[in-house]
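One-letter residues, chain by chain:
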Amino acid sequence: MNSNNYLKISEFGNMGNTSRKMLIHYDKMDILKPAYTDPETKYRYYSIQQIKSLAMIKSLQAIGVSLGEIKKNYLNTNMKEYIKNLRMEEKIVEKKFLEIQRAKKIIEDKLNCLEEIVDLKEEIEFKIKNIPLRYLIYSVVKSKKLEDLPPVVIGLEKRNQGRDFLTVGDIAAVKYNPENKEEKEEILLGIFSKGDTSGDGFKNLKFDGGEYLSFYRKGFFLEGENSDIIEEWCSKNSYKPVGNALLIPLLLPFLNLEESMYQVQIKVNKL
């Protein structure tokens, strides 16, 4: 054998970003054996074509396929079985990719929130945000305290499992003032969804996409009125508030804030 036509184990490992120890482990498990082993020195040599096999092994491991499963399902199998198994792994990858995207969205949302409130001044700071179309799947509640709300949220999420929520764990409340004056004001608590669920028998409120006036408040959840300061800011800045205000409690994991804090969002139109 001409060793110049092969890669030493260190060269092969560097090319495939894999340690010598792991390559020896693959060899002993009969998953990826060297193209040639010197009978005298026992040195292992690999062919350049084996890089593709190494890359496939590492890709399968990255999505949670064990070496035992790789050996059983991908070695010495026919083409149809190989394709079938790869299709199954493709579905797993797609599911994990969606989970990662969802986790990334949660982290991004929390980062944006934390960066806004970390240096929050005593006076209210108003911001205009562009927010996409949302639906609030809701239940009517009587309590105004955060500690009384978990059963309501849990119930909503159980009834709506599988729906496309905007962010897992995000909830909002609305002091709902109906256009029909004969109807009474209600406090609605819900979770955001991308789609309309009213056709499926679930109550929801539509919040159109567009510009929203946003600011943060401290204090007891849903206590006090915000209408005066909203009207005053809108009057000074040539905006008109539209519809009901959303009150979004900041459920920040691992952080204990001295007072409960929530974000107010209300749709506005430029005059």
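Residues numbered from 1 in each chain as written. Predicted model: local features only at pLDDT ≥ 70, side-chain atom pairs only at ≥ 80, totals over all residues. Heavy atoms only, no water.

### Some words on the overall build of the protein
Helices and strands together make up the secondary structure of the protein, namely 7 helices and 11 strands. Counting across all 271 residues of the protein, residues that qualify as buried make up 34%. For the protein, restricting intrachain contacts to residue pairs at least 6 apart in sequence, the fraction spanning at least 24 positions comes to 71%. Element-wise, carbon and sulfur atoms account for 51% of the exposed surface of the protein, whose accessible area totals about 17,700 Å². (Helix = DSSP H or I, 4+ residues; strand = E, 2+ residues; numbered from the N terminus. Buried < 20%, exposed > 50% of the residue type's maximum accessible area, 1.4 Å probe, protein only. Contact = heavy atoms within 4.5 Å. Areas by Shrake-Rupley, 256 points an atom, 1.4 Å probe, with all protein chains shown as cover.)

### Overview of the confidence of the model for the protein
Per-residue confidence for the protein gives a mean pLDDT of 82; residues scoring 70 or more make up 83%. Within the protein, helix H2 (residues 20-28) carries the highest mean pLDDT (95), whereas helix H6 (residues 150-159) carries the lowest (72). (pLDDT = per-residue confidence, 0-100.)

### What to know about helix H5 (residues 79-117)
The end-to-end C-alpha distance of H5, which contains 39 residues, comes to 57 Å, matching closely the 57 Å that a straight helix rising 1.5 Å per residue would cover. Buried-residue contacts for H5 involve helix H3 (50-62), helix H4 (67-74), strand S4 (127-131), strand S9 (210-218) and strand S11 (261-270). Between a side-chain oxygen at the N-terminus of H5 and the backbone nitrogen of Lys80 the separation is 3.2 Å; the capping residue is Asn78. (Expected span 1.5 Å × (residues − 1). Polar contact = N/O pair within 3.5 Å; in protein donor to acceptor, adjacent residues only side chain to side chain.)

### Observations regarding the sheet that holds strand S6 (residues 171-176)
Overall, antiparallel pairing links the 8 strands, which are arranged S4-S9-S11-S10-S6-S7-S5-S8 in an open sheet. In this open sheet, the two edge strands, each paired with only one partner strand, are S4 and strand S8 (204-207). This sheet shows a mean twist of 35° between the axes of neighbouring strands, independent of strand direction. Sheet topology note: the S6/strand S10 (residues 239-249) ladder contains 2 bridges and is antiparallel. Pairing of Val174 across the sheet is with Leu246, part of S10. (Pairing = 2+ DSSP bridges. Axes fitted to C-alpha atoms, helices over the stretch in contact; angles between N-to-C directions.)

### Side note on the sheet that holds strand S1 (residues 7-8)
Across the sheet, 3 strands lie side by side as S1-S3-S2; this open sheet has antiparallel pairing. Single-partner strands in this sheet number two, and they are S1 and strand S2 (36-37). Bridging between S2 and strand S3 (residues 44-46) involves 2 bridges; their strand directions are antiparallel. For Tyr36, the partnering residue across the bridge sits in S3 and is Tyr45.

### Examining unusual backbone geometry
Backbone geometry at Asn17 places phi at a positive 55°, although glycine is not the residue there. Phi angles above zero are rare outside glycine, and Lys42 is one such case at about 65°. Turning to its location among the elements, Lys42 is positioned in the loop between S2 and S3. Residue classification places Lys42 among the exposed residues on the basis of a relative accessible area of 54%.

### Side note on the nonpolar core
Phe12, Leu23, Tyr26, Ile57 and Ile70 are the most contacted members of the largest nonpolar core, which has 17 residues in total. Among the elements of the structure, helix H1 (9-15), H2, H3 and H4 are those that each provide at least two residues to this core. In contact with Phe12, not counting residues within four places along its chain, are Leu7, Leu23, Leu32, Tyr46, Ser47, Gln50, Ile51 and Leu54. (Core = buried A, V, L, I, M, F, W, Y, C linked by side-chain atoms within 4.5 Å.)

### Here we look at the side chain of Gln50
Tracing the backbone through its elements, the reader meets Gln50 in helix H3. On the basis of relative accessibility, which here comes to 12%, the residue Gln50 falls in the buried class. Polar side-chain contacts of Gln50 include one of 3.4 Å to the backbone nitrogen of Ala35.

### Structural notes on the packing of aromatic side chains
Inspection of the entire model under this criterion finds 6 aromatic pairs. Three or more aromatic residues link up through ring pairs in this structure, and these residues are Phe126, Phe215, Trp233 and Tyr239. The ring of Phe192 carries the charged tip of Arg134 above its face, separated from the ring centre by 4.8 Å. Between Arg134 and the ring centre of Tyr212, over which it is positioned, the NZ or CZ distance is 5.0 Å. (Phe/Tyr/Trp six-rings, centres within 6.5 Å; stacked < 30°, edge-to-face > 60°. Lys NZ or Arg CZ within 6 Å of the ring centre and 35° of its normal.)

### Focus on the environment of Leu75
Looking at the element boundaries, Leu75 is found in the loop between H4 and H5. Taking relative accessible area as the criterion, Leu75 reaches 23% and is therefore assigned partly exposed. In this structure, the C-alpha to C-alpha distance between Leu75 and Asp30, residues 45 residues apart in sequence, is 9.3 Å. If sequence neighbours within four positions are ignored, Leu75 has contacts with Asp30, Ile31 and Ile70.

### As for the pattern of salt bridges
The full count for this structure, using the stated rule, is 9 salt bridges. One salt bridge in this structure joins Lys33 and Asp30, with 3.2 Å as the shortest N-O distance. Look at Lys33 and you get partly exposed, because its relative accessible area is 42%. With a shortest N-O distance of 3.0 Å, Lys129 and Glu116 are connected by a salt bridge. A residue pair is termed long-range when its members are at least 10 positions apart, and Lys129 in strand S4 and Glu116 in helix H5 qualify at 13 residues. (Salt bridge = Lys/Arg side-chain N within 4 Å of Asp/Glu carboxyl O.)

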